[in-house]
Amino acid sequence: MGWATFHAGKVDLYLTFMHAADAGRIEQWRRSFQRASEILFHATAGQMQIGTCYVSNDYANKLAADAWLYELAGKSGSSTNHMLLCADERFRPYIIVHEFGHYMFGLRDEYKTEFGGDSQCIIDPLQQACIMEHPAHFGDAFNEATGQLTLGQVNEFCGPPATTGGPFHDPTSSNAQQACHGKSCWETIAEKFGFEIPDYQRPFVETTPEGHNAITWMLLGSTGQYSVILDNSENVAGTATSRGQFSGTHFLIDYFSAQQEYLGLISSNGDELFALQPLADEQTQQAAIGALNAMQTIAAPNHAAALKRAEDDFARQSVEASVRAIVLLDSQSTQVAQPPPAGIRVFTVGLGTEADASRLSKLSTMTHGQFEFLPATLDDAAMQFAVQTHLSKLVDELQVESGIVVATPGVIPATAPRSATRATQRLADRRLTMVTENAFEQAVLIEDGCENAAFVLSLARPASAELSLLSPAGRIIKPTKPGPRAEDDTTFAEKSASGQGAVQVVDRTELGYVLIRVDAPATGCWLMRITRNQDGKAIPFELLAISHNRQLHIDFDVAQVPGTRTLRISAEVYFAGCLTGIEPPVVELTPWTLWGGRTSTPPLAVVLRRPVVNVDDHAQGPYGAAMEVDGPFEAEIDLPGPGTYAITGRFANAGTAKCNRCCEPAASVRGVVPRFLRYKRRQVTVE
């Protein structure tokens, strides 16, 4: 599911163009969504209309999107998580409402049976219903040449026979809606949204329905805007948690400055530490670091004030961001803060055993964010490493088009193993190889189409090790001095011609991390090497590699079945469109641990399966047959007992998957897509 939000009678939608759309095409889609909102308003008796459409271009923000807008004509449909709208629908708003019925209301088709044969919804096809039955030429449409609107005959959802006037749903019909729900479309809608089922004595005229408002069409930019609400309360001051929060936030400053993203820092009582602004140069970056250093301890947090401060900071920006997100770190507050308005995600981090995990989890869920609980004492030595590592991995979720290729924990032992100087640690499906007693290597597959990649070393003991890279061409990249630096003065164009873009190295080993960012990285296998700087104690570390690729997109959702210890896991994998032949994802559950290493309970690995469905208009395959659907995967897992679990999904393509543009003609199947590897992580606490 995308980030659609319904409030006060209006549904806000996120839309993404699955190509580079020009201004003329964007305006055609705006006009079509405006008319679709009027049809929806009429069909729901004024109980729902479209409020704001947040619009991204050229594949951007796909994770958020409720609808993907394609370049080519074809047969539109709805996947598990998105409406898939072909180019035709910029002239056919009626079809937008039909697909919205699938996506938002969960309605099924009424023009055919669940097995694909012809069917019907009501006896009289001219009673303005049903939107889920009739084809495009029964609905509103714009003339492609002149833009003139022609009204259609159908603009209602069918209701139960008890309603006044009709059109009535035929309960004896074998259509897919009846087979799936056993009731009319209106009964299904009312059950989900609590709407009042209307009668049908309502004329539908060409003018805007009374009470309907024009939609807000908001074109989003290419940059992200992020606010970090820091926990600077008295109980955190001077603890390992405070040091981890400092180094993790320092990492976010370095990471976002490399891409000139917007960042703001806010105290947990609502005071502004660093105003939200683009980290466009070293001077601004140093100002953000200075504000972090100057942060003062407060007596008590006020998260309502802090969230309102972040909301106001976003509202003051003249540029509409592709993503707006808040990171909220909290160790003690029990206040119930209201979520910010639609379009702002909140990522919450519970610091220590006194954090209100339930409240923080609900806040993140309501805003399409993520929650992470770090249940250790605030001054536990492991907490510093846990907090800084979590914040470094969080950029995968904050930046929608980024994805984790590698997230490998490990420990350089205090002494070399006796058996050999070269050994291999196996961690899930990843390989971390010891090349000497003081060095480990991690292979990283960077796929074709990656726009930039970040390679990160996070250390539990600052200044204890260093990171270097070996490119597929054999080029070595490593820090030569502390602090950020440009690798050399070679221009981006010259490096791109040789298959590798500009390189930025940020050496913060004194804070516990190293960041190396490569623009337009060469496709293939990169090697990350961590090498000990000091002898003596063991060195816990984590290696992280992140690839930014706008065409590759993974939905990964974990939900507990109410009243049980069963997890329902679902996933979808796309490369511009659905993938055929993708390897089934593997999900591993591990009881939570700060170090990310072994626990007394062994990990549980489960292979997700493709659901088998009867074909309807939003699945691929011949009508009348059951089939495995390309794209989505699912599984249910019974947990062995209460606890906090880390759930890691592995998504891989070994070079056999093909890209099917979902709703576009079969001729648009792109062929084999690049090899890739991605990991997605979620956390769940079960009592």
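Residues numbered from 1 in each chain as written. Predicted model: local features only at pLDDT ≥ 70, side-chain atom pairs only at ≥ 80, totals over all residues. Heavy atoms only, no water.

Attention shifts here to the overall build of the protein chain. Broken down by element type, the protein chain carries 11 helices and 39 strands. Counted over contacts in the protein chain with a minimum sequence separation of 6, partners at least 24 positions apart contribute 71%. When the accessible area of the protein chain is evaluated, it comes to approximately 26400 Å², of which 50% is carbon and sulfur surface. (Helix = DSSP H or I, 4+ residues; strand = E, 2+ residues; numbered from the N terminus. Contact = heavy atoms within 4.5 Å. Areas by Shrake-Rupley, 256 points an atom, 1.4 Å probe, with all protein chains shown as cover.)

With that out of the way, let us pick up the state of the cysteines. According to the stated counting rule, one finds 0 disulfides in the structure shown. Looking at Cys130, it has no disulfide partner, and the nearest cysteine sulfur is the one in Cys185, 3.8 Å off. (Disulfide = S-S within 2.5 Å.)

Moving on, we get to the confidence of the model for the protein chain. With 85% of its residues at a pLDDT of 70 or more, the protein chain shows a mean pLDDT of 83. Taken element by element, the predicted model of the protein chain shows its lowest mean pLDDT in helix H11 (residues 492–497) (34) and its highest in strand S11 (residues 262–267) (97). Across residues 417–430 the pLDDT falls below 50, and counting only partners more than four positions away or on other chains, this stretch makes 29 contacts in the model. Note that pLDDT drops below 50 for residues 613–627; the model gives that stretch 49 contacts with residues more than four away or on any other chain. (pLDDT = per-residue confidence, 0-100.)

We now examine helix H4 (residues 185–193). Owing to its 3.6 residues per turn, the α-helix brings residues three or four apart onto one side. Listing the buried residues of H4 in full gives Cys185, Trp186, Thr188, Ile189 and Ala190. Contact partners of the buried residues in H4: helix H1 (23–43), helix H2 (93–105) and helix H3 (176–181). A positive phi of about 75° marks Gly194, the residue just after H4. (Buried < 20%, exposed > 50% of the residue type's maximum accessible area, 1.4 Å probe, protein only.)

Right, let's get into the sheet that holds strand S15 (residues 371–374). Read across the open sheet, the 6 strands follow the order S12-S11-S10-S13-S14-S15; overall the sheet is mixed. On the outer flanks of this sheet lie strand S12 (272–278) and S15, each paired with one strand and no other. If you compare each strand with its neighbour and ignore which way they point, the axes differ by 15° on average. Where strand S13 (residues 323–330) and strand S14 (residues 344–351) come together, 7 bridges link them in parallel fashion. Opposite Ala325, over in S14, you have Arg345 as the bridge partner. Against the sheet, helix H9 (residues 381–393) touches S13, S14 and S15, its axis set at about 170° to S15. (Pairing = 2+ DSSP bridges. Axes fitted to C-alpha atoms, helices over the stretch in contact; angles between N-to-C directions.)

Of the two faces of S15, the one holding Phe371 and Phe373 and the one holding Glu372 and Leu374 are both buried throughout. The β-α-β motif built from S14, the intervening helix H8 (residues 357–366) and the parallel element S15 has right-handed crossover chirality. (Right-handed = clockwise from strand over helix to strand, strands pointing away.)

Turning next to the packing of aromatic side chains. For the structure on display, the rule yields 19 aromatic pairs. Summarising the aromatic geometry, the rings of Phe6 and Phe193 are spaced 5.5 Å apart at their centres and angled 90° between planes, so their arrangement reads as edge-to-face. You can see Phe6 sitting in strand S1 (residues 5–7) and its partner Phe193 sitting in helix H4, a full 187 residues away along the chain. Given the relative accessible area of 31%, Phe6 is considered partly exposed. Taking the centre distance of 5.7 Å and the plane angle of 80° together, the rings of Phe556 and Phe651 count as edge-to-face. (Phe/Tyr/Trp six-rings, centres within 6.5 Å; stacked < 30°, edge-to-face > 60°.)

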